[in-house]
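Commentary on secondary and tertiary structure
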Amino acid sequence: MPIQKSFIEKSPETLPVVPLRDMVVFPHMMAPFLVGRESSVKALETALDGPGKQIFLVTQTDPKVDEPQRDDMHELGVVAKVVQNLQLPNGNVRVLVEGISRAKVLKLHRDGDTLMADVEIYTVDYPMDERVEEYIAKVLGVFEQYAKLSHHLAFEGLVSTIKTDEVDRFADQLAAHLMVSTIEKQALLELLNPYERLQRLHDLLDVEVEKVNIDKRINVQVKRQMEKAQKEYYLNEKIKAIHQELGRKDDRSDEVEELREKIEQAGLPEAVREKADQELKRLEAMPPVSAEATVSRNYIEWLVAVPWKKKSRENRKLARAQKILDEDHYGLDEIKERVLEFLAVRQLTQQTQSSILCFVGPPGVGKSSLAKSIARSMGRKFVRLSLGGVRDEAEIRGHRRTYIGAFPGQIIQMMKKAETVNPVFLLDEIDKMAMDFRGDPSAALLEVLDPEHNGAFLDHYLDVEYDLSKVMFIATANVTHSIPPALHDRMETIQLTGYTLSEKLEIARQFLLPKQLEKHGLKKKSVRFDDEAMKGLIEGYTREAGVRNLEREIAKICRKVARKVVEDDKAGKVTVSAGSLDDYLGKVKHRRREKGQEAEIGVATGLAWTQVGGELLETEVGLMQGKGKLSLTGKLGEVMQESARAAVSYLRSRSDLRGVDPDFAANHDLHIHVPEGAIPKDGPSAGITMATALVSAVTQVPVRKDLAMTGEITLRGKVLPVGGLKHKILAAYRAEITEIILPAANEKDLEELPEEVREKIQFHLVESMDEVLRIALDGDPSTVPGPEATMGESSPEPPLGTVQ
């Protein structure tokens, strides 16, 4: 430590050394301590034998070291004078020393058993001036605050002993009385400049004063809270005593007894009963106004509110169940059979695993209402949970009780609403769940919808196992591709397709029209719908898989009829005919295809599947002079673009078609467009549609307009099977398409179609593109090769683009 201060004088000395543990001695400070180590006792004896009884005191860097070496001691210590010493019976020596001046260790050595040190003693003579005096007064003022706030210092007694005329001595005396750590004191000792020492003291005193103030405020707050709690406890005990004298029970006792009675009546399983009793004991011991008491009370109330044993008495009569299902819904035979099978099994075996069905179909076909009808037919309670947009796992499993405002998950909440252990539980829109940083709710549903595990469902809030095995779960979805595979695997999927015209007519007559008449206050005798009017309403004003828009249009007519009845009391019976639909609903929204409409070149009608059912999809191809550029428009997806390129490659490879220029690909640009360009489209099923439109555009042979098609194409012209066939065919049926080209591999799917659809539509099952062109093109059949035309049998010179 280099010393370059003009106010410091240095002098060498050799003195015995006593290392100190957790203690710093300052110059001008009286300090008592015990000396117990043998080497320290020897050093003390050497000092007492010396002329000035001087000893060198230095603090250890690590107080745990018993035999400190040079590296275990700080560099700077204090030369002190032994004022008193007392030999104790246990061999230790009690010593009182007075610090004289700072000293720096130069070298350590031993003189026999005594540790000696060559030190350099620093004598400080710092000049006093006005600046130093002002700072001394400032520090003294802060120290006065510190002393008054601290209980271990008497400021009045200290002021009389502190000398303010010597800055070095003043700083050391204040430092000696400061209650700070040993490290901070050692740092103060090593500051040789008294003015710098004063600045450091001022900073430390400010911090200590703030600490004391904070402690004081905290103690006041704690004291007030303790006084308030004691006051409340005293008053509560006094109220109890008054009630006992009057022979009454207080509200607290009534509440606990009421909860105990509910626990007795709830029929809880043994493990749950133990948990409830334990929580009730905790509640009794808590102050009634505490936040923890509210948490415990809510928890017990949830435990007893959830059904544990209460069941609905099931209807197991198949005939009655069949009657109820037919009353509520028309058709849907597959689902009705599944419900009747379940009831039949229940009659033969008293215990079955919970059923988990998933109804998949376009909007408006009656998925949700069907679940309610199933509950009515079985005599069970019905609850519905909408999962659309749910993205938090806690919505399913609940929050843990440690969170403020925690609640059970929606599964337990719905079970409480059902009040029985065997309701029909509808999980609506299961395909529209999302996930984010809060978790994946679909993963939490895996336990709920697994018959092997849902007998011990664990909600985070209840924290006890709950039996869901008696619940009949029914899920609904528009599509299945957005449902995670693991969740989809746990459900039995039943497809609900769109309705045919005859089915919609029956649904409208039996269900929609009576419902809307009653809703609008109209009597059945006062309004009559012609069959042709209902048919015109379905065909001209709605084009959907379900019947939701149909019900809206019927409601619109009912509103206008109701107004007419109110305005004209003598209106009598109102008849809605096909001719009056324009008056009620305006112009027709969907035009029927007219027979005999001319075929067009480069335009083919395809079939597509969407989330709301099947749709017709026209494909247009334009041929222009150019350099072989291919343009694809209509917001086509990646798979659909690949199908378009495959169709072009097929046409180039079959340039042996009569009327096809072998160089058309090099001299012309092709533009394939699918109308309604704002709607995204994707999938491979438009392959043969685009290929047909391409051939039509290149050969200038028109495509028949009374025909639609669907199928995937390969480069070799093979037609592969596609999905969603039932929805597509029903869409063609609604559009009065009379012929449909299908892949031969999809023949099995035709069995699912209603009989009336199979009777009115002619199906062409094909395996190759050559068959498609012979059926679809409305022109000279000689322009399309027969089956004898194959890929390699064209001409000696291979045509442009032929695959070799």
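Here the structure is a predicted model, which means the values were calculated and not measured.

1. Details of the sheet that holds strand β8 (residues 382–386)
- The strand order across the open sheet formed by five strands is β8-β9-β12-β7-β13, and the pairing between neighbours is parallel. The open sheet is flanked by β8 and β13 (492–495), the only strands paired with a single partner. Averaged over all pairs of adjacent strands, the angle between their axes in this sheet comes to 20 degrees, without regard to strand direction.
- The sheet contact formed by β8 and strand β9 (residues 424–428) spans five bridges and is parallel. Of the residues in β9, the one forming a bridge with Leu 385 is Leu 427.
- Each of β7 (356–360) and β13 is contacted by helix α11 (residues 333–348), which is oriented at about 145 degrees to β13, the strand it contacts most.

2. Observations regarding helix α4 (residues 167–177)
- The buried fraction of α4 amounts to nine of the eleven residues, a majority that puts the element mostly inside the structure.
- Every buried residue of α4 is accounted for by Val 167, Asp 168, Phe 170, Ala 171, Asp 172, Gln 173, Leu 174, Ala 175 and Ala 176.

3. So, the packing of helix α21 (residues 638–653) against helix α23 (residues 687–699)
- Contact pair α21 / α23: the axes reach a minimum separation of 9 Å and the direction vectors enclose 40 degrees. Comparing their axes, α23 and α21 come out oblique. The handedness of the crossing between α21 and α23 is right-handed. Here Met 640, Ser 643, Ala 644, Ala 647, Val 648 and Leu 651 of α21 come into contact with α23, specifically with Gly 687, Met 690, Ala 691, Leu 694, Val 695 and Val 698.
- Counted by class, the contact of α21 with α23 contains ten nonpolar, two polar and no charged residues.

4. As for a nonpolar patch on the surface
- Residues Ile 214, Ile 218, Val 222 and Met 226 make up a contiguous nonpolar surface patch of about 330 Å² in total accessible area.
- On the secondary structure map, Ile 214 appears in helix α6 (residues 194–246).

5. A look at the nonpolar core
- Ile 374 and Ile 729 are the most contacted members of the largest nonpolar core, which has 68 residues in total.
- With eight residues, the single largest contributor to this core is helix α17 (residues 501–519).
- What Ile 374 contacts, discounting residues up to four positions off in sequence, is Leu 325, Ile 335, Val 339, Phe 359, Met 472 and Ile 474.
- Ala 266, Leu 303, Ala 475 and Ala 477 belong to the second-largest nonpolar core, a separate cluster that totals 53 residues.

6. A few points about the confidence of the model for the protein chain
- Of all residues in the protein chain, 90% have pLDDT values of 70 or greater, and the mean over the chain is 81.
- For residues 781–804, every residue scores under 50 in pLDDT, and the model assigns this stretch 39 contacts once sequence neighbours within four places are set aside.

7. Quick notes on the packing of α17 against helix α18 (residues 531–541)
- It is at 10 Å that the axes of α17 and α18 come closest, and there the two elements cross at 110 degrees. Relative to α18, the element α17 is oriented roughly perpendicular. In the packing of α17 onto α18, the handedness of the crossing is right-handed. Residues Leu 501, Lys 504, Leu 505, Ala 508, Arg 509 and Leu 513 of α17 lie in contact with α18, whose contacting residues are Asp 531, Met 534, Lys 535, Ile 538 and Glu 539.
- Split into classes, the residues belonging to the contact of α17 with α18 amount to six nonpolar, no polar and five charged.

Basis of the calculations
Residues numbered from 1 in each chain as written. Predicted model: local features only at pLDDT ≥ 70, side-chain atom pairs only at ≥ 80, totals over all residues. Heavy atoms only, no water. Pairing = 2+ DSSP bridges. Helix = DSSP H or I, 4+ residues; strand = E, 2+ residues; numbered from the N terminus. Axes fitted to C-alpha atoms, helices over the stretch in contact; angles between N-to-C directions. Contact = heavy atoms within 4.5 Å. Buried < 20%, exposed > 50% of the residue type's maximum accessible area, 1.4 Å probe, protein only. Parallel < 35°, antiparallel > 145°, perpendicular 65-115°, else oblique. Left-handed = near helix turned anticlockwise from the far one by under 90°. Nonpolar A, V, L, I, M, F, W, Y, C, P; charged D, E, K, R; others polar. Patch = residues over 30% accessible without salt bridge, like charges linked within 9 Å, V, L, I, M, F, W, Y side chains within 5 Å. Areas by Shrake-Rupley, 256 points an atom, 1.4 Å probe, with all protein chains shown as cover. Salt bridge = Lys/Arg side-chain N within 4 Å of Asp/Glu carboxyl O. Core = buried A, V, L, I, M, F, W, Y, C linked by side-chain atoms within 4.5 Å. pLDDT = per-residue confidence, 0-100.

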